[in-house]
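Residue-level structural notes
For reference, the chains in residue letters:
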Amino acid sequence: MIQKPYLKAFPDTKGYFGKFGGAFLPPVLIEQFQKIEQAYLTIGNSHNFIQELRDIRKHYQGRPTPVYYAKRLTEYVGGARIYLKREDLNHTGAHKLNHCMGEALLAKYLGKKKLIAETGAGQHGVALATAAAYFGLECEIHMGEVDIAKEHPNVVRMRILGAKIVPVSFGARTLKEAVDSAFEAYLKDPENSIYCIGSVVGPHPFPMMVRDFQSVVGIEAREQFLEMTGNLPDNLVACVGGGSNAMGLFSAFIEDPCEMYGVEPGGTGTKLGEHAASLTYGTEGILHGFNSIMLKNEEGEPAAVYSIASGLDYPSVGPEHAYLNTTGRTKVGIADDKETIQAFYDLSHYEGIIPALESAHAVAFAMKLAKEKPYESILVNLSGRGDKDIDFVVANYKPEDYL
Ligand SMILES: *Cc1c(COP(=O)(O)O)cnc(C)c1O
């Protein structure tokens, strides 16, 4: 396995990628997180666990998802060949189920009864509620009241799937408060429950676990691309919220001669509050139990951020991205709202694929890159499908203005 040396060395045994990562936890939780780490390293590497997860991926999630050459989009852009890794075809319509099934399977092996998590836009909540239903586990999702009002369809989905929604009514009543509330609930009963993080963020071992569970994306894509073209892709492109779909793809190619671009949401402008481009504009800091690059306000607190794609709306980024970006192994791309909406319509119109607004950021950047590198290939991680976004898009950006 070509990628082994890097993946084995990072994170180190304390959960660091260079100076980023770690586990900054209240003393009562330190032992619980160490237990999760030990369980993951032993159970997660056992034959039965690996077999069961492979079986779930194939027969329940519908993996492998295809790699697809976007011929009409490529011709329209007139540059590098653009390929898509179709995570929009993964069960539930996005990549998030990859790590939720892994986390829930670990919970089952540990004899836990309940999965606890926070959700912002509801995507992680829906994926986790799906995993809970599959395994017959309880599921408790903490969600800010503002988000509950905004993300009604996902709230309904979670309820149908049998999850209990805990409305969070303090502070700004959004994602940050939901994290605090979920942690508190987990603290009350760490024996019977497990906290399931939604991206490659949070305290060690989560950035490592979530990356490993998502690495199936890159492992499949590398094989598929080689088989399809006889070569490795010259460029990889993925959007970065916390960074799980990007790390899933990148992790299989780190020791290959491929350029890797994590695309951040440029939003409506470069001022604080107009974007959520943490790597582009942020500085080092600790948030939600890990050290990384983050966007801060004047008081040094996590800044209020904006993204048209609620899944990219996070003031920090997974520690591994902070590390790979500082070493220069990965590069940062950016796509603003305007470019993203255009890409959303272009991919729909030229390929018959409606992308999630998160993924449309990656497509938008790939279209710019394709013009700069006309003789190369670009593999984009199409992290999810856009059904959840269609009402918002047509209400605010009329199809006739873009097609
Ligand atoms: C949540 C989400 C993202 C952002 O999360 P990452 O951890 O950065 O991958 C991207 N795309 C879709 C479709 C999502 O649901």
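The structure presented is a predicted model; accordingly, all values stated were derived computationally and were not measured. Here the residue numbers are simple positions, counted from 1 along each chain's written sequence. Where local features are concerned, this predicted model is filtered to residues with pLDDT of at least 70; where side-chain atom pairs are given and counted, the filter is 80 or more; whole-chain, interface and lining totals use all residues. The side-chain numbers reported here are obtained from all heavy atoms of the structure, hydrogens and water having been left aside.

Description of the packing of aromatic side chains
In this scheme Phe, Tyr and Trp rings, the latter by its six-membered ring, pair at centre separations within 6.5 Å, and the angle between planes marks the pair as stacked below 30 degrees, edge-to-face above 60, and tilted otherwise. Following the criterion strictly, the structure yields 21 aromatic pairs and no others. Both rings, one in Tyr 195 and one in Phe 206, keep their centres 6.5 Å apart while their planes meet at 75 degrees; by these two values the pair is edge-to-face. One end of the pair, Tyr 195, is in strand β8 (residues 193-195); the other, Phe 206, is in helix α10 (residues 206-229), and 11 residues separate them in sequence. Comparing Tyr 195 with Phe 206 shows no difference in burial state: the two are buried. Put simply, the rings of Phe 33, Phe 183, Tyr 186, Tyr 195 and Phe 206 pair up and form one aromatic cluster. Counting from the N terminus, the helices are the DSSP runs of H or I reaching at least four residues and the strands are the DSSP runs of E reaching at least two. Only protein chains enter the calculation, and the probe is 1.4 Å; a residue is then buried if its accessible area is under 20% of its type maximum, exposed if over 50%, and partly exposed in between.

Some remarks on unusual backbone geometry
The omega torsion of the bond from Phe 10 to Pro 11 falls at 0 degrees, within 30 degrees of zero and hence cis. Residue Pro 64 is reached from Arg 63 by a cis peptide bond, and omega for that bond is 0 degrees. As for its placement among the helices and strands, Pro 64 is situated in the loop between α3 (47-61) and β3 (67-69). Unusually for a residue other than glycine, Arg 173 sits at a positive phi of about 60 degrees. For Arg 173, the position within the fold is in the loop between β7 (164-168) and α9 (175-188). With a phi angle near 50 degrees, His 288 is a residue other than glycine that sits in the positive phi range. Turning to its location among the elements, His 288 is positioned in the loop between β11 (283-287) and β12 (290-294).

Thoughts on the site of the ligand
By nearness alone, 17 residues border the ligand, and Lys 96, Ser 199, Gly 243, Ser 244 and Ser 383 come closest of all. Polar contacts, as counted here, are pairs of nitrogen or oxygen atoms within 3.5 Å of one another; within protein the pair requires one atom able to donate a hydrogen and one able to accept it, and residues that are adjacent in sequence qualify only if both atoms are side-chain atoms. One of the side-chain N or O atoms of His 95 is found 3.0 Å from an oxygen atom in the ligand. Note that a nitrogen atom of the ligand is positioned 2.7 Å from one of the side-chain N or O atoms of Ser 383. Taking 380 Å² as the accessible area of the ligand by itself, protein coverage stands at 97%. We call a residue near a molecule or strand as soon as one heavy atom of that residue lies within 4 Å of the molecule or strand. The protein chains shown are the only cover counted for residues, whose accessible areas, like all others here, come from Shrake-Rupley with a 1.4 Å probe.

Focus: the packing of helix α6 (residues 123-135) against helix α8 (residues 152-160)
In this analysis, axes come from line fits to C-alpha atoms, helices being fitted only over the stretch in contact, and the angle between any two N-to-C directions falls in the range 0 to 180 degrees. At a closest axis distance of 9 Å, the pairing of α6 and α8 adopts a crossing angle of 15 degrees. Relative to α8, α6 is oriented roughly parallel. When you trace α6 past α8, the crossing you get is left-handed. Counting all contacts with α6, which are made through Gln 123, Gly 125, Val 126 and Ala 129, the residues of α8 involved are Asn 154, Arg 157 and Met 158. In this classification, the charged set is Asp, Glu, Lys and Arg, the nonpolar set is Ala, Val, Leu, Ile, Met, Phe, Trp, Tyr, Cys and Pro, and all remaining amino acids, among them Gly, are polar. A per-class count over the contact of α6 with α8 returns 3 nonpolar, 3 polar and 1 charged. When describing relative orientation, an angle under 35 degrees is termed roughly parallel and one over 145 degrees roughly antiparallel, while 65 to 115 degrees is termed roughly perpendicular and anything else oblique. In a left-handed crossing the near helix is turned counterclockwise from the far helix by less than a right angle, and in a right-handed crossing that turn is clockwise. Any two residues whose heavy atoms approach within 4.5 Å are treated as being in contact.

Structural notes on the nonpolar core
The term nonpolar core refers to a set of buried residues drawn from Ala, Val, Leu, Ile, Met, Phe, Trp, Tyr and Cys, joined through side-chain atoms within 4.5 Å. Counting 54 residues, the largest nonpolar core has Phe 33, Leu 115, Leu 128, Met 158 and Tyr 195 as its most contacted members. Where each domain begins and ends follows an automated or database-derived domain assignment. Viewed by domain, this core spans two of them, domain 1 (17-58 + 96-206) and domain 2 (62-94 + 215-401), each represented by three or more residues. Dropping the residues within four chain positions of it, Leu 115 is found in contact with Ala 104, Ala 107, Leu 128, Ala 132, Leu 137, Glu 138, Cys 139, Glu 140, Ile 194 and Cys 196. Formed by 35 residues, the second largest nonpolar core is a distinct cluster that contains Ala 80, Tyr 261, Leu 347 and Val 363.

Comments concerning the domain arrangement of the chain
The domain architecture assigned to the chain consists of domain 1 (17-58 + 96-206) and domain 2 (62-94 + 215-401). Here domain 1 and domain 2 have C-alpha centroids that lie 23 Å from each other. The interface is formed by 27 residues belonging to domain 1 together with 34 residues belonging to domain 2. Buried area: the accessible surface (1.4 Å probe) lost by two parts on joining, summed over both. Summed over both sides, the interface of domain 1 with domain 2 buries roughly 2,500 Å², with 65% coming from carbon and sulfur. If you sort the residues of domain 1 by the area they bury against domain 2, Phe 17, Phe 20 and Val 200 come out on top, with a joint share of 24%. Criterion for a salt bridge: a side-chain nitrogen of Lys or Arg within 4 Å of a carboxyl oxygen of Asp or Glu. Where domain 1 meets domain 2, there are 1 salt bridge. Of the charged contacts in the structure, one is a salt bridge between Lys 19 and Glu 284, with a shortest N-O distance of 2.8 Å. Inspection of the domain 1/domain 2 interface yields 12 residue pairs in polar contact (both at pLDDT 80 or more). Element by element, the count of residues in the side of domain 1 that touches domain 2 is highest for helix α5 (residues 96-109), at 4 residues.

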